[in-house]
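Working through the structure, step by step
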Amino acid sequence: SSQTSTSSCVPKIADLANFTQDLRNVATEQLCQSSSGQYQDDISNKRVLLIGVDGLRADAACMLPLPNLHLLRSMGTWSCWANSQTTGIAKSGPGWASFLTGMESDSHNVDANDDMTDIAHPTVLDLAKDTFAMSVAAAVWWDPLVTDFFDFWDPTTLDEQFIGNNDDEVTTKAEEWIRDDSYDFVFANLDGCDSAGHSSGFDGYANVYSAAVQKMDERVGRLLDAVLENSALGHEWIIVLSTDHGGEGTSHGGQNTYNRRIPLIVAGNSPRINIGMAPADDPGSHLDVTPTIMHFLSPDSVPSGLDGQ
């Protein structure tokens, strides 16, 4: 038999483990060598992509073959066992209000889907607009997010809004905004997983629901591709993905892990974003979405009194 010589190096396994645990610093050292000067905290160069996937169970998000969610996880901090709000029922109204305000249900006053205009705190889109004069746009399938939250709280917040008939239309519009660098902050709401859960069951092993989750991943991939294609502009990005609630059977609302445990991903190229799994004793919550985005924009801009962190 013949032997082939190779110059490949086999690293010590401990070195490899340390490397993968410190990817942010390694990438900064290797990829920023050609850059001059220090990191500039410039709000005009920051971009936010917030993806809200309705009814995405944590187990389905983390066990199914979802290459785009996996790519996002590799670029940031993630949890497959994050918490949703705990003081309201596991419904979209209370869930999205907590996701968007950083407050528990008993603080933001949204208890169900029929009292969403009771919202008592500004959303993260309002905060970004009012604090930094960012341009803000929202593409949604579930229209109460626009009519009962954004427009009801302040009809001047959204510079553009799009209410689609399905997730594909929503994704296409958000892609367009990202590729054209039309807005500083883009919110995209995808509803197909929740619809599939109600029709066939919230279960990653159920064909209809698992297919909907995989289709969602494809759409997230389209949004991520738009971000990556715009990388030549040199923006500092944060990409946050989470959900309003999980589900059990063909419904949701209960106080159990099927309804309350959710995925949370915070990714991007910002030095403020760590890489790796969130600690088991601090898995995060969708209440953390608002303070995390505001901290990315400026640490001093995080409102006091939020329930998230």
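Here goes a summary of the coordinates provided. (Residues numbered from 1 in each chain as written. Predicted model: local features only at pLDDT ≥ 70, side-chain atom pairs only at ≥ 80, totals over all residues. Heavy atoms only, no water.)

Burial of nonpolar side chains together is a common tendency in soluble globular proteins. In this structure, L49, I51, L56, Y209, V213, M216 and L241 are the most contacted members of the largest nonpolar core, which totals 38 residues. Sorting elements by how many residues they give to this core places helix α11 (residues 207-229) first, with nine residues. Setting aside its immediate chain neighbours within four residues, M216 contacts V53, L56, L69, L190 and C193. Among the nonpolar cores identified, the runner-up in size contains 37 residues, and F99, F185, V240 and V266 belong to it. (Core = buried A, V, L, I, M, F, W, Y, C linked by side-chain atoms within 4.5 Å. Buried < 20%, exposed > 50% of the residue type's maximum accessible area, 1.4 Å probe, protein only. Helix = DSSP H or I, 4+ residues; strand = E, 2+ residues; numbered from the N terminus. Contact = heavy atoms within 4.5 Å.)

Checked against the element boundaries, D115 lands in the loop between α6 (105-108) and α7 (124-132). Of the buried charged residues, D115 lacks a salt bridge, with K91 as the closest side chain of opposite charge at 12 Å. Engagement of the side chain of D115 in a polar contact is seen with the backbone nitrogen of D111, the distance being 3.0 Å. A distance of 3.0 Å separates the side chain of D115 from the backbone nitrogen of A112, its partner in a polar contact. Residues within four places of D115 in sequence aside, it is in contact with N109 and V110. (Lys, Arg positive; Asp, Glu negative; His and termini not counted. Salt bridge = Lys/Arg side-chain N within 4 Å of Asp/Glu carboxyl O. Polar contact = N/O pair within 3.5 Å; in protein donor to acceptor, adjacent residues only side chain to side chain.)

With that out of the way, let us pick up the pattern of salt bridges. All chains considered together, the criterion is met by twelve salt bridges. In this structure, D41 engages R272 in a salt bridge whose closest nitrogen and oxygen atoms are separated by 2.7 Å. Remark: R272 occurs in the loop between β7 (261-268) and β8 (276-277) and D41 occurs in the loop between α2 (23-31) and β1 (46-53); sequence separation between them is 231 residues. Using a relative accessible area of 40% as the deciding quantity, one classes D41 as partly exposed. Residues D59 and R57 are paired through a salt bridge, measuring 2.6 Å at the closest nitrogen-oxygen approach.

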